[in-house]
Amino acid sequence: MAFELPKLKYAFDALEPHIDAKTMEIHHGKHHAGYTKKLNAAIEGTDLEGKNIENILENLDKSNKAVRNNGGGFYNHRLFWEIMSPDGGGKPSGELEKAIDNAFGSFDAFKEEFSKAAAGQFGSGWAWLCVHEGGKVEICSTANQDNPLMPGIGCEGTPILGIDVWEHAYYLNYQNKRPEYIDAFFNVIDWKEVGSRYAKHK
Ligand SMILES: [Fe+2]
């Protein structure tokens, strides 16, 4: 079974004004679709064909640029769409709230550190909130379409929240004002979804 571009659970304009419809349409329909297509082409006829994406990334040969870039791109964007919602915003609750308080002191301190990681990622990449076995959470960032599941990437654990800071994610609406986009992203984070990922992977 080849990988398929996942359908969004909301309309392209559902995240406005925080993320505009045109950006969503191009990001999903062109960029994510492109990664999906190129991933399928890269694994076709190899022993990676038929494996799930987590397995492919966890056992990645990083010198395989086509699988690294497009496998990362496929996984990262799928996560990104799922942890956003038109009903998002606010703060985490329950166990995740406790884990964030333990790691950063408060939600506001977490938000500041996560925003700093996202703003400070030089060039294209992602900032992540990852959970480690045992429940500890950590913030890190990766370049291009790299991902914490990939071995030896300098960022470990399972990502439960991620923000795309490639210019294609924000340039139409925010131009070079990446910090404004990061701030707006907090209005669409689906903390219920992030919390259930925390519970699943801790
Ligand atoms: Fe993207």
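Please read these numbers as outputs of a predicted model, since none were measured by experiment.

**Q** Hey, could you run me through the state of the cysteines in this one?
**A** Note on terminology: disulfide describes a covalent bond linking the sulfur atoms of two cysteines. Under the criterion given, the structure shown has one disulfide. A sulfur-sulfur distance of 1.7 Å marks the disulfide that ties Cys 140 to Cys 155. Judged by the torsion about the S-S bond (50°), the Cys 140/Cys 155 disulfide is right-handed. Placement of Cys 140 in strand β2 (residues 137-143) and of Cys 155 in the loop between β2 and β3 (158-164) is noted, with a sequence separation of 15 residues between them. A relative accessible area of 2% places Cys 155 in the buried class. Take Cys 130: it sits in no disulfide, and the sulfur closest to it among the cysteines is that of Cys 140, at 4.1 Å.

**Q** Can you help me understand the pattern of salt bridges in this one?
**A** Proximity of charged atoms lets side chains of opposite charge pair with each other. Going through the model one piece at a time under the given rule, you end up with seven salt bridges. Here Arg 197 ties to Glu 82 by a salt bridge, and the two come within 2.2 Å at their closest N and O atoms. Residue Arg 197 is found in helix α8 (residues 191-201), and its partner Glu 82 is found in helix α3 (residues 65-82); the two are separated by 115 residues along the sequence. A relative accessible area of 30% places Glu 82 in the partly exposed class.

**Q** Even after reading the chapter, I still don't get the UniProt feature "domain: Manganese/iron superoxide dismutase C-terminal" (unreviewed entry) in the protein, so can you show me in this structure?
**A** UniProt tags residues 92-196 as "domain: Manganese/iron superoxide dismutase C-terminal" (unreviewed entry). Span residues 92-196 is 41% helix and 20% strand, its end C-alpha atoms 10 Å apart.

**Q** Looking at this model, I keep getting lost on the coordination of the iron ion. Mind explaining?
**A** Under perfect tetrahedral coordination by four donors, a metal shows angles of 109.5 degrees; under perfect octahedral coordination by six donors, it shows angles of 90 or 180 degrees. Within the protein, the iron ion binds to His 27 (NE2), His 77 (NE2), Asp 164 (OD) and His 168 (NE2); these donor distances fall in the range 1.9 to 2.1 Å. For the iron ion, the four donor atoms in the first shell make angles of 90 to 137° at the metal, so the coordination geometry reads as irregular. Every donor residue of the iron ion comes from the same chain, spaced as H-x49-H-x86-D-x3-H. With His 27 in helix α1 (residues 21-43) and His 77 in helix α3, the pair connects residues that are 50 residues apart, well separated along the chain. You can call His 27 buried: its relative accessible area is 1%.

**Q** For this particular structure, what's the right way to read the nonpolar core?
**A** Across soluble globular proteins, nonpolar side chains have a tendency to be buried as a group. Of all hydrophobic cores here, the largest spans 59 residues; its most connected members are Met 84, Phe 110, Leu 161, Ile 163, Tyr 181 and Phe 185. The residue makeup of this core includes at least three contributed by each of domain 1 (21-82) and domain 2 (94-201). Sequence-distant contacts of Phe 110, that is, excluding residues within four places in its chain, are made with Ile 100, Phe 104, Leu 129, Ile 139, Leu 161, Phe 186 and Trp 191.

**Q** Is there a simple way to think about the UniProt feature "binding site: Mn(2+)" (unreviewed entry) in the protein in this case?
**A** UniProt tags His 27, His 77, Asp 164 and His 168 as "binding site: Mn(2+)" (unreviewed entry). Spatially, the listed residues are clustered: although they cover 142 residues, their C-alpha atoms lie within 12.1 Å of one another. If sequence neighbours within four positions are ignored, His 27 has contacts with His 32, His 77, Phe 80, Trp 81, Asp 164, His 168 and Ala 169. Note that His 168 resides in the loop between β3 and α6 (171-174). Here the side chain of His 168 touches His 31 through a polar contact of 3.3 Å, side chain to side chain.

**Q** In this structure, what is going on with the packing of α1 against α3? I would like to understand it.
**A** Each packed pair of helices is defined by two parameters, the angle between the axes and the distance between the axes. Across the interface, α1 lies against α3 with an axial gap of 8 Å and an inter-helix angle of 140°. Here α1 lies oblique to α3, going by the angle between them. Remark: the crossing between α1 and α3 carries left-handed chirality. Residue-level inspection shows Met 24, His 27, His 28, His 32, Tyr 35, Thr 36, Lys 38, Leu 39, Ala 42 and Ile 43 of α1 in contact with α3, the latter providing Ala 66, Val 67, Asn 69, Asn 70, Gly 71, Gly 73, Phe 74, His 77, Arg 78, Phe 80 and Trp 81. For the contact of α1 with α3, a count of residues per class yields 10 nonpolar, nine polar and two charged.

Thresholds applied
- Sequence order as written defines the numbering, with residues in each chain counted from 1.
- It should be noted that, the model being predicted, local features are given only for residues of pLDDT at least 70 and side-chain atom pairs only at 80 or more, the latter also being counted only at that level, while totals for whole chains, interfaces and linings use all residues.
- Note that water and hydrogens are dropped before the side-chain values are worked out from all heavy atoms of the structure.
- Count a disulfide wherever a pair of cysteine sulfur atoms falls within 2.5 Å.
- Runs of H or I in DSSP of at least four residues are treated as helices and runs of E of at least two as strands, each being numbered from the N terminus.
- Note on classification: 1.4 Å probe, protein chains only; a residue is buried when its accessible area is under 20% of the maximum for its type, exposed when over 50%, partly exposed between these limits.
- Salt bridges are identified by distance alone: a Lys or Arg side-chain nitrogen within 4 Å of an Asp or Glu carboxyl oxygen.
- UniProt positions are given in the numbering used here, feature names are shortened, and annotations may be inferred rather than shown by experiment.
- Donors, by definition, are the N, O and S atoms found within 2.8 Å of a metal, the threshold being 3.2 Å for Na, K and Ca, and water is not counted, so a site can look incomplete.
- Labels for metal geometry use angle windows, namely 85 to 135 degrees for all angles of a four-donor tetrahedral site, and for square planar (four donors) or octahedral (six donors) sites opposite donors over 155 degrees apart plus all others within 65 to 115; sites meeting none of these are irregular.
- By nonpolar core is meant a set of buried Ala, Val, Leu, Ile, Met, Phe, Trp, Tyr and Cys residues that side-chain atoms within 4.5 Å join together.
- What counts as a domain boundary in this text is fixed by an automatic or database domain assignment.
- When checking whether two residues touch, look at their non-hydrogen atoms; a contact exists if any pair is within 4.5 Å.
- Counted as a polar contact is a pair of N or O atoms within 3.5 Å, where, for protein atoms, one must be capable of donating a hydrogen and the other of accepting one, and residues adjacent in sequence contribute only when both atoms are in side chains.
- A fitted line through C-alpha atoms represents every axis, and for helices the fit uses only the stretch in contact; the resulting angles, taken between N-to-C directions, go from 0 to 180 degrees.
- In what follows, roughly perpendicular refers to angles from 65 to 115 degrees, roughly parallel to angles under 35, roughly antiparallel to angles over 145, and oblique to any angle outside these ranges.
- By convention the crossing between two helices is left-handed if the near helix lies anticlockwise of the far one by an angle smaller than a right angle, and right-handed if it lies clockwise.
- Gly is put with the polar residues, along with every residue not named as nonpolar or charged; the nonpolar set is Ala, Val, Leu, Ile, Met, Phe, Trp, Tyr, Cys and Pro, and the charged set is Asp, Glu, Lys and Arg.

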